[in-house]
Structures are given as structure tokens and as C-alpha cells.
Amino acid sequence: MFDRLCPIDSHPEDSIFLFGARQTGKSTFLRNKFPGSIYIDLLNTELKSRFSRKPSLLYEMLYDKEKGTLIIIDEIPEVPELLNEVHRLISEKELVFILCGSSARKLKRKGYNTLGGRAYPVHLFPLVSAEIPDFDLTKALTHGMLPAHYLAKNPERRLSAYIDVYLKEEIKEEALVRNLSSFQRFLEVAALTNGEILNNNNIAQDCGVSANTVASYFEILEDTLIGFKVPAYNKVIKRRLVQAPRFYYFDIGVVNHLLHRKELTRGTTDYGHAFEHFVIQELRAWLSYKDSDERLSYWRTYTGMEVDAVIGDARVAIEIKSVEEVLPRHLKGLKAFAEEYPGCRSIIVSLDPINRRIGNIECICLFAEANVDHRAINRCNIIILFASI
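Residues numbered from 1 in each chain as written. Predicted model: local features only at pLDDT ≥ 70, side-chain atom pairs only at ≥ 80, totals over all residues. Heavy atoms only, no water.

Caption draft 1: Here's a closer look at the overall build of the protein chain. A count of helices and strands for the protein chain gives 15 helices and 13 strands. Every one of the 389 residues in the protein chain was classed for burial, and the buried ones make up 52%. Within the protein chain, contacts between residues at least 6 apart in sequence are counted, and of these 68% link residues at least 24 apart. As displayed, the protein chain offers around 18200 Å² of accessible surface, 47% of which is attributable to carbon and sulfur atoms. (Helix = DSSP H or I, 4+ residues; strand = E, 2+ residues; numbered from the N terminus. Buried < 20%, exposed > 50% of the residue type's maximum accessible area, 1.4 Å probe, protein only. Contact = heavy atoms within 4.5 Å. Areas by Shrake-Rupley, 256 points an atom, 1.4 Å probe, with all protein chains shown as cover.)

Caption draft 2: Structural context of the sheet that holds strand β5 (residues 119–123). Across the sheet, which stays open at both edges, the 5 strands sit in the order β2-β3-β4-β1-β5 with parallel pairing between neighbours. Both edges of this open sheet fall to β2 (38–41) and β5, since each of them pairs with a single strand only. Taking the axes of each pair of neighbouring strands and ignoring which way they run, one obtains an average angle of 20° across the sheet. Inspection of the sheet shows strand β3 (residues 70–74) paired to strand β4 (residues 96–101) by 4 bridges, in the parallel sense. When the bridges of β4 are listed, Ile73 appears paired with Leu99. (Pairing = 2+ DSSP bridges. Axes fitted to C-alpha atoms, helices over the stretch in contact; angles between N-to-C directions.)

Caption draft 3: Representation of the layout of surface pockets. Reported here for the largest pocket is a volume of approximately 700 Å³. Taken together, 33 residues line the largest pocket, and the ones lying closest to its centre are Thr269, Gly272, His273, Glu276 and Lys321. For the lining of the largest pocket, the secondary-structure elements that each account for two or more residues are α9 (180–192), β7 (246–249), α12 (252–258), α13 (269–289), β9 (306–311), β10 (316–320) and α14 (332–340). Here the element with the most residues in the lining of the largest pocket is α13; it accounts for 8 residues. Its residues placed into classes, the lining of the largest pocket shows 11 nonpolar, 11 polar and 11 charged. There is about 440 Å³ of room inside the second largest pocket. Forming the boundary of the second largest pocket are 16 residues, of which His123, Phe125, Leu287, Ser288 and Ser292 lie nearest the centre. Looking at the lining of the second largest pocket, its residues break down into 9 nonpolar, 3 polar and 4 charged. (1 Å grid on protein atoms, 1.4 Å probe; cavity = no way out; pocket = protein on both sides within 12 Å on 5 of 7 lines; lining within 4 Å. Points joined across faces, edges and corners; volume = space filled by probe spheres on them. Nonpolar A, V, L, I, M, F, W, Y, C, P; charged D, E, K, R; others polar.)

Caption draft 4: Geometry of the confidence of the model for the protein chain. Per-residue confidence for the protein chain gives a mean pLDDT of 88; residues scoring 70 or more make up 89%. A low-confidence stretch, residues 370–380 stays under pLDDT 50, and its non-local contacts, those more than four residues away or across chains, total 12 contacts. (pLDDT = per-residue confidence, 0-100.)

This is the structure we're talking about:
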């Protein structure tokens, strides 16, 4: 069992929408954290059927509970009509709900009751390294960070089921696309461009659909929490900046499966892409778990100068390299960024085992292999780093 960092208080006073992609561990997390709560699982076919026929059953079931009683409803998007009853129970009986779901699309699409601010959103992401005892970077980059996949000896079958069954069936069930084969092709092309600047026209040509269709496909992935966009930092000082966002799948294991990458070797381009994705994945989760209101973005000029991650209003700039020795050429983007925004904290994270400072740039090793002398290396550098930003 993993000790998750998701910031839900042990005795929540307010109701919560807990969102996270399938298999991030939402149900396990909630059952372990709140063993005494009333738990309603809408993946139970009989319960789902009864509540669908008569949503007011929820009110009848809970109206006599004491003020502050915690009720967890798992997969609330399966019966969104229950939200009216939840609203009534919060308002009249002052009950506390945790409403769990893997997609907000059903709620948004049909305009269901979102409780008018009576529940605040929290996200559960794939595992982060700080949650895993004896964390293994190679396993994380290869298998991904979904709990069941990270722990599996052979995650291929689980990844295949996740993508070929869940994704396709989820899309098919919601009637979100007319042509599943074109959507499958889109999933693969999106994996090929994972972490790159979005160009819907180019992707449309590769998929044989329109650019508008591609845009709608990306919206589906975001709404079902399967992917996310990192916007471009757009505060222009001198240099002309790229404005288009980058797209990432929510977990590196999904990308590996779609691209048929089974083994990653240090020093290769694929390893570098996976390492960058992993760090972005961790950054995104940490910022959310810290309840930060700062935006994660990237910076790129039209001349090709680039910084992989910018936090807030140029408060922190992070370059991500999977190299085992940081060289001056790896620092060009950070130096260019610092010229434009001299007050920023500049960091390069890598696999270089010697932590040091080069001018104003901090060089931080995130992880060391087991055979490296750890006397000068803190294996928790990633935890210390992210906690400090």
C-alpha cells in the first residue's frame, strides 16, 4: 500500500470532487483513508441501476444521518442525476461528500448540477516518486506510475487492457467519436508527438481527419483525464515566443505502450523523452498537491531557445536533461531565459551525480543508480527540490 500525498484532510469539513484517471488508485486511497465512512460504489451494477431509476433513494438513505457524516460516492459521473440529491443533503442536513470520478465530461456536457461551489476539486495523479519506498527510476520510466502497472512484473497485458479496452470502450460508450479506427490512429500519433508543441494540422494529415476533429480528440483526452496540455509562457520581454501548448499523456506507461517501447536505454533519445515526461508528470502532481495557484508552462523562442518548465510568473525555470554529465551546451536555454527574466531561480535537473552551482544555475541530480556512491548524493533530491518550489 502506498502512502499517497493527495491533500485531503482526515476529517474534511467541506465536500470534495476527487478526480483522477482510471487506475490512479482513487478507490483504494479513499477506502484506506476513510474506513468508517459510508461508501457507495456506482460501479456496482445493481446500485447504479436502482439509483438511476430513482435518484431520491439517496436522500431517503441519508436524511437521518448526523451533521458532518462523511459519504463517499465512487464514480459519480455514472449517475450524475444524484448530484441534485447531494446538493439537497449538503444544504439541508450539512452532510459531507467526497464525489469521485474519472471524467468530468459527462457532467460538463449535459450541464448537470455541480453543486454551485459547495464542493471543491481535488485531483489524484499517478504515483509520484516520494510515495514509493525503494523507488526504481528505470521501472517508472518503463512501466509508468499507475500503481498496478508500476508493481507488475509484466505490465504489458495490463497496459494493453487499459488502452485497448478502457479507452476504446469509454469513448465508444459515451459516443464521443464516430470513427473509432481514426481515434485509435490519433492516439498513436498523439503518442509520437507527446511532449512536443501541438500542431493540429500536421496531426490531422497523419490521421486522415480534419484539424477541428483533432482538436476535439484532444479535448476528449483532457476531459477524460488521459492527457493534459502545458501552455507556453507568453510574457514577452524581447524575444518572440512560440504560443502553442505542448501535450502530454497523463502517464509515461501509456506512451510507451502506444509506441511499442518495451525497454529504454540510458543515453538514447527515447530515454530522454521519457525522463522529461516523468519530471513534468511529477511537477504537475506536486504543484496540485501543494494547492499552488501557480501555472506550469514552458518557454520557447522562435530561434529555438527553450526551457522545459516554468513555474508561475517566471519564478522558477527548470531544464530537464537525462545526461550523466551537465555540459555548458545544456545551459543555453536557462541562460537565455535568465537574460529576459533575471529574478528567476534557474535549475537544471539531470542524472549527473555531482550537485553543484554553475554561475546562477543550480545543477541537481534527481536520482542515482544503486551502484553510485551515495555519500555525496541525496536520493531524495526530487522531494527536496519539489518541496522547495
